[in-house]
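# Fold and contact review
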Amino acid sequence: MQDIENQNNNINQSEEELSFEERFKQTAARVRPYVINLWQVKKKFIIFNAVVLVLALAYLLFLTKPYFTSTITILPDYGSKETTFSQLSSLASLAGVSVGQGGVPTDIYQNLINSESVLSPVIYAKYKTEKYPDSVNLLQYFKIKPNNGLPSDLQKRAMFLMVFNSLSKGIISTDVDRMTKILTISVKMPEAQLSADVVNKIAESLDNYIRTKRKSYASEQREYIEKRLAQVKDSLTIAENKLMNFRQQNRMVIQSPDLMLEQGRLSRNVEIINAVFIELSKQLEIAKIDEVKDTPVVNIKEYAKDPILKSGPKRASTLIIIMFLSVLFSAGYFAFNGQLKKYWKYIRNDE
């Protein structure tokens, strides 16, 4: 064992003692056979990559369709109200979205966008397109056909899920900036105006969902005060009518102690109910103000407009990547073809 270790140490020392030029020569000597192999089949190498180039060009020019991207920006809620996040969290849970602790409204918006509650109005909305003369929804635009193998009640659901998955997993992209917490929503579509219409519809659907589905303490309090105020108003009207009828029927109240006592009771009843009515009216106005403050609003910086330039596909960069990979793998195959065949024979013999 010591002799082997000594030999290995000597080899390592001899390699370390080699100069850079000698090591370069050794490396070149090792690589030379593979370069020679590649040079011998240079025609095959050139023909192969030429075919790949032609096929890639044909695919990029004739099979890939251009698409346009429209973007909309939603600003975070800069208010100091602590209940906003908790209310939006409960709202997200209604849509089947799980939200962690310590987030901001735009984080919840990002999760809500990919929920069925928000995307369903987007899918079924009507859009004007270049492809169809009449307004169509996204099911019609993408030509989603029903699956005849499913029951009739599930066919519409399956069609909806196909478009929903396409939107949430590819067409729609969202990003929240780590520093500013600004939410950016982007939509890719084959038509410029359609991309702008869809992303604007997403923002509108998100805002409608938050406004219509959210139930807060302030709104519940307002509803209760409105009902109670209507009841007190009726009671006040009845009490006032009783007092008015009593005074009309008894003109000389001052001459009868019993009539004065009854008038005092009716007047106090009107004053008590009136005080309750005034206080409830104040509380109703306060509840309405709190409800407005309590309602999170989707703060849209600017609605998307028709993009002038297409955003893809990026044919030049895609072609460069394809040709780079083609040259790399074909060079490796032709250079190491002999060894690959030898290893393949070993594998076949082992079998």
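Bringing the overall build of the chain into the picture now. What the chain contains, in helices and strands, is 13 helices and 4 strands. Sorting the 351 residues of the chain into buried and exposed places 31% on the buried side. Taking all contacts inside the chain whose residues are at least 6 apart in sequence as the whole, residues at least 24 apart take part in 70%. Surface summary for the chain: the accessible area is close to 24,000 Å², and the carbon and sulfur share equals 57%.

With that settled, consider the nonpolar core. Judged by nonpolar contacts, the single largest core of 41 residues is most densely connected at L167, V198 and L206. Taken together, the elements giving at least two residues each to this core come down to β1 (68-75), α5 (105-113), α6 (116-124), α7 (138-141), α8 (152-171), β2 (172-176), β3 (183-189) and α9 (192-213). Among the elements that line this core, the one with the most residues is α9, at 9 residues. Not counting residues up to four positions away in its chain, the partners in contact with L206 are I74, Y109, L112, I113, V118 and V298.

On to the layout of surface pockets, then. Considering only enclosed or pocket space, the largest pocket measures out at about 230 Å³ in volume. Lining the largest pocket are K65, P66, Y67, K131, Y141, F142, K188, M189 and P190. Across the lining of the largest pocket, the residue classes tally to 6 nonpolar, no polar and 3 charged.

Our next topic: the packing of aromatic side chains. Under the definition given, this model contains 5 aromatic pairs. Measuring from centroid to centroid gives 6.2 Å for Y132 and Y141, while their planes differ by 65°, and the two rings are edge-to-face. With a centroid separation of 5.3 Å and 85° between ring planes, the pair formed by Y141 and F142 is classed as edge-to-face. Under the relative-accessibility criterion, F142 is labelled partly exposed at 32%. One aromatic cluster is present, built from ring pairs that chain together Y124, F160 and F164. Above the face of the W39 ring, K42 is positioned so that its terminal group lies 4.5 Å from the ring centre. Across from the ring centre of Y67, 5.1 Å away, lies the NZ or CZ of K188, which sits over that ring.

With that out of the way, let us pick up the pattern of salt bridges. Pairs may arise between side chains of opposite charge once their charged atoms sit close together. Applying the stated criterion across every chain, the model contains 4 salt bridges. Close ionic contact of E116 with R157 constitutes a salt bridge, the shortest N to O distance being 2.9 Å. Linking E116 in helix α6 with R157 in helix α8, this pair joins segments that are 41 residues apart in sequence. For E226, the salt bridge goes to R222, with nearest N and O atoms at 3.2 Å. Separated by 4 residues within a single helix, E226 and R222 lie in helix α10 (residues 217-249), roughly one turn from each other. Judged by relative accessible area, which is 33%, E226 ranks as partly exposed. Here R222 falls in the buried class, since its relative accessible area comes to 17%.

What counts and what doesn't
Residues numbered from 1 in each chain as written. Predicted model: local features only at pLDDT ≥ 70, side-chain atom pairs only at ≥ 80, totals over all residues. Heavy atoms only, no water. Helix = DSSP H or I, 4+ residues; strand = E, 2+ residues; numbered from the N terminus. Buried < 20%, exposed > 50% of the residue type's maximum accessible area, 1.4 Å probe, protein only. Contact = heavy atoms within 4.5 Å. Areas by Shrake-Rupley, 256 points an atom, 1.4 Å probe, with all protein chains shown as cover. Core = buried A, V, L, I, M, F, W, Y, C linked by side-chain atoms within 4.5 Å. 1 Å grid on protein atoms, 1.4 Å probe; cavity = no way out; pocket = protein on both sides within 12 Å on 5 of 7 lines; lining within 4 Å. Points joined across faces, edges and corners; volume = space filled by probe spheres on them. Nonpolar A, V, L, I, M, F, W, Y, C, P; charged D, E, K, R; others polar. Phe/Tyr/Trp six-rings, centres within 6.5 Å; stacked < 30°, edge-to-face > 60°. Lys NZ or Arg CZ within 6 Å of the ring centre and 35° of its normal. Salt bridge = Lys/Arg side-chain N within 4 Å of Asp/Glu carboxyl O.

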